[in-house]
Amino acid sequence: MKKLTTNLLLTMMFMLLIAACSNGTDKPSNTSKPQATPNNSSTTESSSSGDKYDPPIKMTFAVGRVDADVVFPDGQSTKDNQWTRLVEEKLGIKLDVTLAMPKGQEFTQKVNALIVTNDLPDLFTVSEEEMIQVDQLIQAGIAEDLTDLFEEYASPLVKQLMPDEALEPLKRNGRLYFLPNLQRPAEEGFMTWIRTDWLKKLNIPEPKTFQDVIAIAEAFKAMNPTKNYGFQAGTESWDMYSLSGLFAAYHAYPNAWLKDANGNLVNGNIQPEVKAALQSLQNLKKEGLISNEWTLGDDGEKARQDLINGRVGIHFGQWWAPEWPLQLVKDNDPEAEWKAFKFMSVDGQPALHLQNTVSLTGLYVLKKGHSNPEALIKMLNLVADFYWGENPQADPDNSNLWKLAPGDAQPWGKNIVFMQSIEKALKSGDASKLHPGEQVLYNMIEDYNNGNDEFWGVSLEYGIDGSLGLYDSFQWINNEFFGTPTVTMNTKQANLNKLFEDAFISIVNGADINKFDTFVEQWKKQGGDDITKEVNDWYKSRK
Amino acid sequence: MVADKTIGSRIFVIANYIFLTLITLTCLLPICHVLAISLSSKAAVATGNIKFWPVDFTFASYQLVLSKSQFLTSMGITVKRVVLGVLINMLIVVLTAYPLSKEVRSFRPRSIFAWFFVFTIFFSGGLIPGYIIIYYVGIIDTIWALVLPGAVQVFSVVLLLNFFRGIPRELEESAFMDGAGHFSILFKIFLPASLPAIATLTLFSIVTHWNSWFDGLIYMNTPENYPLQSYMQTIIVKMDQQFMRGASKDLIKSLNEQTLKSAQVFLGALPILVVYPFLQKYFVKGIVLGSVKG
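Computed from a prediction, not measured in an experiment: that's the story for all the values here.

1. Quick word on helix 17 (residues 436-449) of chain A
All names here are of chain A. For helix 17, which comprises 14 residues, the first-to-last C-alpha distance of 20 Å matches the rise-based estimate of 20 Å (1.5 Å per residue) to within 8%. Listed in full, the buried residues belonging to helix 17 are G437, E438, L441, Y442 and I445. One side of helix 17 carries all its buried residues, which in axial view fall inside an arc of 130°. One or two positions beyond helix 17, positive phi appears at G451, with a value near 105°.

Okay, here's the thing in structure tokens:
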């Protein structure tokens, strides 16, 4: 299967290359010309009275994120749902959903197939992991230039939800070729979750430094030395996320491109701080504070079960950890209580939280050549107004229909905003001003306060002193690289990751710590230096 | 059998029984495990302590699955696909195997046709060309895209033509003498004589159609048209690093509904489990007979 996919991708790239070349000869100035045409056509062709097209226009739509969590209410389906109805009624746009699939490789393949058969829909979504595909589409001249359309047609609300600062990093040569689903990167930040009912039982104060955290881990282990251990550490593809709090304690930020003192980008994996973190990991493992099976290929499942079985009391997770998996701990042990803390460091310097510079959850591309390209922006206006306008509405419970909307815009840091207003409402007891989306959460929290433990997790996130409130107190460090993978990355990154993984595993399992220096040497020689150069070239080109 | 009672043979019999029991268990236990999970409560499953017996017994996940319209729709599509696909497969297999089982003397271009079919076992056009063909034939997003591309099961054709060759020539010749044509010979003599093979191939065909998921994902445009296994694929995703990063908490939560997943896996496998024993008695016989040619 893997091989098939690679072959396929190669074929695709070749085809796109041809498309790109032929297009290039037709219109040498790909970037400057097309912007004039859509504006003209929109004013001449559309006889729109107000905002509605009459006669209705047609737009085909391929949506690649109808995941398992989308549940259609009765009477609705992929082709006929809240969004197709609303868009037709309000805007006179007949939205024809020609393709709906869950997010994943198959959708990407399918879109590639549609390009080949010349059957690409007018509007389609692309996963944020497929930025290569997007860049190919842009180079091939398939993606409509939306810069001026957005400027002209986007409603004030949309412009407020998608400010220039957020769109700027996503532009190519200053032009906007897709509409992103923006997410505030802060909402992906990790925090330290600690089991506070155990703290209380053992009479330990809340931690201030990472030494305190290690002491807590030791105390938790001492509660039942044969069964318990300190930190939950799943490898989860060696993502390091499950241990990000430990790395941050030593000011190490693996798997990220960081800005050094001279303003150059450096790879987080080879920094000397990582060595200290690995040394600490080695010690922790020796003391039995990390599961013995950890490096033997536990993808996180086993560690999670240990967590749920009450063997671990420290978990590094995101703000939604209480809903999953901590809620499961609560389900099995109603006594369990958890609390979120910022990362703590081993020295006086504050531990930083890593965040991406840009965080997308997907994007919309409009195929060049639609008679009314501004319709896309109008639909975006409608979506924004539906969820966040004067008279905001929410999707039917648990339906996640927003995933089928022909556009996506949400307040910057939506969940953080939600938490703040819910907290306020809980304190004042006045829920009348809440957004319908907030109202749902508010009701859950009220339910929890009345004794329903099912919503314990939600309450810990959005309730008073909820985890989302913690983000404002974080100090951040940015992962500065967000471009498409560079040439050398495509050929050598996998090998470099392997190198890191090997060094990591052997050091954690007791190898000489100086092995790290050998690793750094190898990393640099086997392509790391080239990649660093490419990444820095990219970084400078953006300024 | 019972007559020889040397110690050696007894040990062999006992060892054989133990060995076969173990093999049976390796097949049965996973099913038991899935069944146990599907009948347990969510919280109990999350601890990972469920082995072969449900904890906090509940039918909740089955109720939920059966109330989900998507599961039943997909099940319906799969049933439709199996019925249609198996009929088409078997018709074509029989009609292809018969002429190819003749000798070159009576069917001159036989070798050319035979190689023409066999070629497709070793070489295929690949995904995109396949898609393009299906697209231009105009059957994208219809049930035909699921049954027509695999209509000619060459492997089955080879099995059946070998089986046909095992049927005594005299039967065919005497039928000829009595004035029967090729169709009468095929349907009145060859088919009844090769029922075991037909049953086997039918089973192959059923299982293939029941289990295939990738074509559904590629050739169907909306989830409402997915056959069961394509739908299953969308709910049983491997949560890797890439996936975790982009996924929302709702999605991660819903994909971690182990009990729900297990219930669907079990219900999805149930029809095949039920059909199997009835066709199985032909199964062994069919393959062996087909491979030993006269």
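2. Topic: the sheet that holds strand 3 (residues 123-126) of chain A
Residues and elements named next belong to chain A. Strand order in the open sheet formed by 5 strands is 2-1-3-11-4, and the pairing between neighbours is mixed. Across the chains shown, the open sheet's two edge strands, defined by having one partner strand only, are strand 2 (93-100) and strand 4 (179-182). Looking at each pair of strands side by side, their axes are set apart by 20° on average, direction ignored.

3. As for the domain arrangement of chain B
Residue and element names in this part refer to chain B. Here chain B is described as being made up of domain 1 (1-58) and domain 2 (61-291). In this structure, domain 1 and domain 2 have C-alpha centres spaced 30 Å apart. The interface of domain 1 with domain 2 comprises 10 residues on the first partner and 10 residues on the second. In total, domain 1 and domain 2 occlude about 780 Å² of area from one another, counting both sides; carbon and sulfur atoms represent 74% of this.

4. Topic: the interface of chain B and chain A
When the parts come together, some accessible area is lost, and that loss is often what is quoted as the size of the interface. The partner chain A presents 47 residues to the 41 residues of chain B that form the contact. Here chain B packs against chain A, burying approximately 3800 Å² in sum over the two surfaces, 60% of which is carbon and sulfur. At the boundary of chain B and chain A, one finds 0 salt bridges. Elements with a contribution of two residues or more to the side of chain B that touches chain A: helix 2 (42-46), helix 6 (127-137), helix 12 (214-219), helix 13 (228-235), helix 14 (241-246) and helix 15 (249-255) of chain B. Considering each element in turn, the side of chain B that touches chain A owes the most residues, 7 residues, to helix 15 of chain B. In terms of residue class, the side of chain B that touches chain A is built from 22 nonpolar, 13 polar and 6 charged.

5. A few points about the sheet that holds strand 9 (residues 338-341) of chain A
All names here are of chain A. Taken in spatial order, the 3 strands of this open sheet run 8-5-9, and their pairing is antiparallel. Both outer strands of the open sheet, strand 8 (314-317) and strand 9, are each paired with one neighbouring strand and no more. Across the sheet, the mean angle from the axis of one strand to that of its neighbour is 30°, orientation sign disregarded. The sheet contact formed by strand 5 (residues 191-195) and strand 8 spans 4 bridges and is antiparallel.

6. Description of the packing of helix 12 (residues 272-286) of chain A against helix 19 (residues 487-508) of chain A
Between two packed helices, the angle of one axis relative to the other and the distance separating the axes together describe the packing. Residue and element names in this part refer to chain A. In contact at an axis separation of 8 Å, helix 12 and helix 19 are set at 45° when each is read in the N-to-C sense. As judged from the angle between their axes, helix 12 and helix 19 are oblique. Touching V274, L278, L281, Q282 and K285 of helix 12 are F500, F504, I507 and V508, all from helix 19. Its residues assigned to classes, the contact of helix 12 with helix 19 comprises 7 nonpolar, 1 polar and 1 charged.

7. Points about the packing of helix 10 (residues 182-193) of chain B against helix 11 (residues 195-211) of chain B
Residue and element names in this part refer to chain B. At a minimum axis separation of 5 Å, helix 10 and helix 11 run at an interaxial angle of 75°. Relative to helix 11, the element helix 10 lies roughly perpendicular. Here L191, P192 and A193 of helix 10 come into contact with helix 11, specifically with L195, P196 and I198. Tallied by class, residues from the contact of helix 10 with helix 11 come to 6 nonpolar, no polar and no charged.

Conventions adopted
Residues numbered from 1 in each chain as written. Chains lettered and ligands numbered in written order. Predicted model: local features only at pLDDT ≥ 70, side-chain atom pairs only at ≥ 80, totals over all residues. Heavy atoms only, no water. Helix = DSSP H or I, 4+ residues; strand = E, 2+ residues; numbered from the N terminus. Expected span 1.5 Å × (residues − 1). Buried < 20%, exposed > 50% of the residue type's maximum accessible area, 1.4 Å probe, protein only. Arc of directions from axis to C-beta. Pairing = 2+ DSSP bridges. Axes fitted to C-alpha atoms, helices over the stretch in contact; angles between N-to-C directions. Domains from an automatic or database assignment. Contact = heavy atoms within 4.5 Å. Buried area = accessible area lost by both parts, 1.4 Å probe. Salt bridge = Lys/Arg side-chain N within 4 Å of Asp/Glu carboxyl O. Nonpolar A, V, L, I, M, F, W, Y, C, P; charged D, E, K, R; others polar. Parallel < 35°, antiparallel > 145°, perpendicular 65-115°, else oblique.

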